[in-house]
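The lines below spell out each chain.
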Amino acid sequence: MKKESLFMNAIALVHINKTGGEMLKDFESLMKTSGENRTVAELLKLSGEEFLLTNANEAMTTGQAGFGLEFIEASVLSNELIERISNSDSLLAKAMTHTMNANVQKFPVRGARIRMIGTTESNSLPGTTPGVDSAQVKKAGTAELTLTANEFVVTVYFSDTLLEDSVVGIAEYVTSEIVAAYERSLHEVVLNGDTDTGASTNINIIDGNTSALPDGNKTDLLKANGARKVAIDNTATVNAGAAMVLEDIRSARALLGIKGLNPADLVLVPDQSTYFKLLNLSQAETVEKFGDAATVKEGRLVAIDGIAIVNREEILKATATGEISATGSNNTKGQMALIHLPSLHIGFRRQLSVETSRYAEQRQTGVTGSTRFAVTFDNTQNSTQASLPAALIVNI
């Protein structure tokens, strides 16, 4: 049996067992019809050699509908992704998501607001009172938001020996790593993306060349502008100084204009050191002091000033301006992004897909995960006063 099919079978078993319920019952019923009387749980306990023999007898194959095929890509990966984006540490659950039908696609967003006019009862026919009817007839303003999908890819290789010795374990591990790479790249772009390339232009290496970034000029960071870049470009930064206080967060909210009014629409994403400084703010109330409205629950800070706290390892220490130096010792200051989530738009031209490649001469199998997505922040000015989708608190 092909190694890649064996790997996919292992993925299917892990997923079916994890999902349980009717899917598990139906699958085990199909296995019995095919002559396999062991349960999925029993199959998962088999050694690599035993699992090879089971698959050789075709108790299940990825090529047979009803015996693994429909569980491989769409079901397994989509369930893994749904579980991750609904996690409290994800920014994706409240973002505006779009299914893209082309590589570059425009989506309508609200334009400038309109107002009514003051009037009195009219006994004239429509169009017979010059200047009056024309004043009340207005167009609802609209604007366009352009999303451009970019391609992202990662490949994980494993040897035949590893597969045969730990077929279920390596299947679960590789699948998990590909999904994690997808999620992390998406967050890297959302938080740290900067399309500027070259020397001393990119906020992620302000005193060096982008070719020195991890993965060089192929890095995911160069595909779109993220929250930090949007804030810095719009001069929407708050200098916290040595001692961060609640007023710094409120100053950042004020920079967002009307978008900063509703804390339920906002999220704060601090670097690790800043998170612990937030815990020390007097406004970080515990359950013992503040009951159900507490912001610290079970030792974890979940909100401040009514704004949810999301911890992401992609946010790092930086220089005092919120930009990152090529010299690590220069990055000693904390930073925290404030994001208006309804202004974050993510488009998917191709959701995460997985393919296998066989390299017989090396006795290896490669698993490639790929996707095409777009990220942009809606900075359309549709209010009387200027508004922004993101701000950055720096020099913490």
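See above for the structure.
Visitor: Sorry if this is basic, but what is going on with the packing of aromatic side chains here?
Guide: Within a pair of aromatic rings, the relevant descriptors are the distance that separates the centres and the angle that separates the planes. Enumeration according to the criterion identifies 4 aromatic pairs in this entry. Geometrically, the ring pair formed by tyrosine 182 and phenylalanine 373 is edge-to-face, given 6.5 Å between the ring centres and 80° between the ring planes. One end of the pair, tyrosine 182, is in helix H8 (residues 167-192); the other, phenylalanine 373, is in strand E13 (residues 364-377), with 191 residues separating them in the sequence. Residue tyrosine 182 is classed as buried on the basis of its relative accessible area of 7%. In this structure an aromatic cluster arises from ring pairing among Phe152, Tyr182 and Phe373.

Visitor: Is there a simple way to think about the pairing of strand E6 (residues 266-270) in this case?
Guide: Among the 5 residues of E6, 5 are classified as buried, and the element is accordingly described as predominantly covered. As paired strands, E6 and strand E11 (residues 336-340) are joined by 5 bridges and run antiparallel to one another. The residue of E11 that forms the bridge with proline 270 is methionine 336. Where E6 and strand E10 (residues 307-309) come together, 2 bridges link them in parallel fashion. Bridged to valine 267 within E10 is alanine 308.

Visitor: I would appreciate a short explanation of the side chain of aspartate 220 in the present structure.
Guide: Structurally, the position occupied by aspartate 220 is in the loop between H8 and helix H9 (227-233). At a separation of 2.8 Å, a polar atom in the side chain of aspartate 220 contacts the side chain of serine 185. Not counting the four nearest positions on each side in its chain, aspartate 220 is found in contact with Phe152, Ser185, Glu188 and Val189.

Visitor: Teacher, can you tell me more about unusual backbone geometry here?
Guide: Both trends apply: most residues other than glycine have a negative phi, and most peptide bonds are in trans. Of note in the backbone geometry, serine 200 takes a positive phi value of approximately 55° without being a glycine. Of the residues examined, serine 200 reaches a relative accessible area of 45% and is grouped as partly exposed. The phi dihedral of arginine 363 is positive, around 55°, even though this residue is not glycine. Along the chain, the position of arginine 363 falls in the loop between strand E12 (344-359) and E13.

Visitor: Looking at this structure, I do not really get the pattern of salt bridges. What am I missing?
Guide: Proximity of charged atoms lets side chains of opposite charge pair with each other. A full pass over the atoms with the stated rule returns 13 salt bridges. Its salt-bridge partner being glutamate 183, residue arginine 312 comes within 3.6 Å of it at the nearest N-O pair. With arginine 312 in the loop between E10 and E11 and glutamate 183 in helix H8, this pair connects stretches of sequence that are 129 residues apart. Assessed through its relative accessible area of 12%, arginine 312 is described here as buried.

Visitor: What am I meant to see in helix H2 (residues 21-33) here?
Guide: Helical periodicity: at 3.6 residues per turn, an α-helix aligns residues three or four positions apart in one direction. When the terminal C-alpha atoms of H2 are compared, their 19 Å separation across 13 residues agrees well with the 18 Å that a helix rising 1.5 Å per residue should span. Burial in H2 covers these residues: Leu24, Phe27 and Met31. For H2, the buried positions fall inside an angular range of 70° around the axis, keeping them on one side. Exposed and facing more than 90 degrees away from the buried side of H2 are Glu22, Lys25, Lys32 and Thr33. Where H2 terminates, the next one or two residues include glycine 35, which has phi positive at roughly 100°.

Visitor: Is there a simple way to think about the side chain of serine 387 in this case?
Guide: The residue serine 387 is located in the loop between E13 and strand E14 (390-394) in this model. Each residue touching serine 387, except ones within four places of it in the same chain, is listed here: Leu256, Gly257, Ile258, Lys259, Asn379, Thr380 and Gln381.

Visitor: What exactly am I supposed to notice about the sheet that holds E12 here?
Guide: Strand pairing in a sheet takes place through backbone hydrogen bonds and is either antiparallel or parallel in direction. Spatially, E1-E12-E13-E4 is the arrangement adopted by the 4 strands of the open sheet, whose pairing is mixed. Each edge of the open sheet carries a strand with a single partner, namely strand E1 (96-99) and strand E4 (150-159). The mean inter-strand angle of the sheet, taken between neighbouring strand axes irrespective of direction, is 30°.

Visitor: Where do I start with the environment of alanine 95 in this structure?
Guide: The topology assignment puts alanine 95 in the loop between helix H5 (74-85) and E1. Note on alanine 95: relative accessible area 10%, which makes it buried. Along the sequence, alanine 95 and isoleucine 346 sit 251 residues apart, while their C-alpha atoms lie 7.0 Å from each other. Those residues in contact with alanine 95 that lie beyond four places of it in its chain are Leu341, Leu344 and Ile346.

Visitor: Got a minute to help me understand helix H10 (residues 246-255) in this structure?
Guide: For H10, the complete set of buried residues consists of Leu246, Asp248, Ile249, Ala252 and Arg253. Along H10, the residues classed as buried sweep out an arc of 165° about the axis, all on the same side. Glycine 257, located one to two residues past H10, shows a positive phi value of around 70°.

Visitor: In this structure, what is going on with the layout of surface pockets? I would like to understand it.
Guide: Any empty space left between the atoms is revealed when a probe the size of a water molecule rolls over them. Counted as a void, the largest pocket has a volume near 730 Å³. In terms of lining, the largest pocket is formed by 33 residues, of which the most central are Glu188, Pro214, Asp215, Thr219 and Asp220. Mapped onto the lining of the largest pocket, the elements with two or more residues apiece are E4, H8 and E13. Ranked by residue count, the leading element in the lining of the largest pocket is H8, at 7 residues. For the lining of the largest pocket, the class distribution of residues is 15 nonpolar, 8 polar and 10 charged.

Visitor: In this structure, what is going on with the sheet that holds E6? I would like to understand it.
Guide: The strand order across the open sheet built from 6 strands is E5-E14-E11-E6-E10-E9, with neighbouring strands paired in mixed fashion. Bordering the open sheet on either side are strand E5 (237-239) and strand E9 (303-304), each of which pairs with just one other strand. Examined bridge by bridge, E9 and E10 share 2 bridges and lie antiparallel to one another. The partner of alanine 303 across the bridge, within E10, is alanine 308.

Parameters and conventions
- Within each chain, residue numbers correspond to sequence positions counted from 1 in written order.
- For a predicted model such as this one, the threshold for reporting local features is a pLDDT of at least 70, and the threshold for listing and counting side-chain atom pairs is 80 or more; totals across whole chains, interfaces and linings nevertheless cover every residue.
- As a rule here, side-chain values come from all non-hydrogen atoms in the structure, and water together with hydrogens is ignored.
- Pairing of aromatic rings covers Phe, Tyr and the six-membered ring of Trp, with a centre-to-centre limit of 6.5 Å; geometry is then stacked below 30 degrees between planes, edge-to-face above 60, and tilted otherwise.
- The way it works is that DSSP assigns letters per residue, a run of H or I at least four long becomes a helix, a run of E at least two long becomes a strand, and they are numbered from the N terminus.
- Exposure categories follow from relative accessible area, calculated using a 1.4 Å probe and restricted to protein chains: below 20% of the type maximum is buried, above 50% is exposed, and the middle band is partly exposed.
- Paired strands, as defined in this entry, are two strands with at least two bridges between them according to DSSP.
- In protein, a polar contact requires one atom able to donate a hydrogen and another able to accept it; more generally it is a pair of N or O atoms within 3.5 Å, and residues adjacent in sequence count only if both atoms are side-chain atoms.
- Contacts are assigned to residue pairs that have any heavy atoms within 4.5 Å of one another.
- The working definition used for a salt bridge is a side-chain nitrogen of Lys or Arg within 4 Å of a carboxyl oxygen of Asp or Glu.
- To estimate how far a helix should extend, the number of its residues minus one is multiplied by 1.5 Å.
- This arc is taken over the directions from the axis of the helix to the C-beta atoms.
- Axes here mean lines fitted to C-alpha atoms, for a helix over just the part in contact, with angles spanning 0 to 180 degrees between N-to-C directions.
- Here a cavity denotes grid points, spaced 1 Å and computed from the protein atoms alone, that fit a 1.4 Å probe unable to get out, and a pocket denotes an open set having protein on both sides within 12 Å along at least 5 of 7 lines; residues with an atom within 4 Å of a point are the lining.
- Grid points are joined across faces, edges and corners, and a volume is the space filled by probe spheres set on the points.
- Put simply, Ala, Val, Leu, Ile, Met, Phe, Trp, Tyr, Cys and Pro go in the nonpolar bin, Asp, Glu, Lys and Arg in the charged bin, and everything else, Gly too, in the polar bin.

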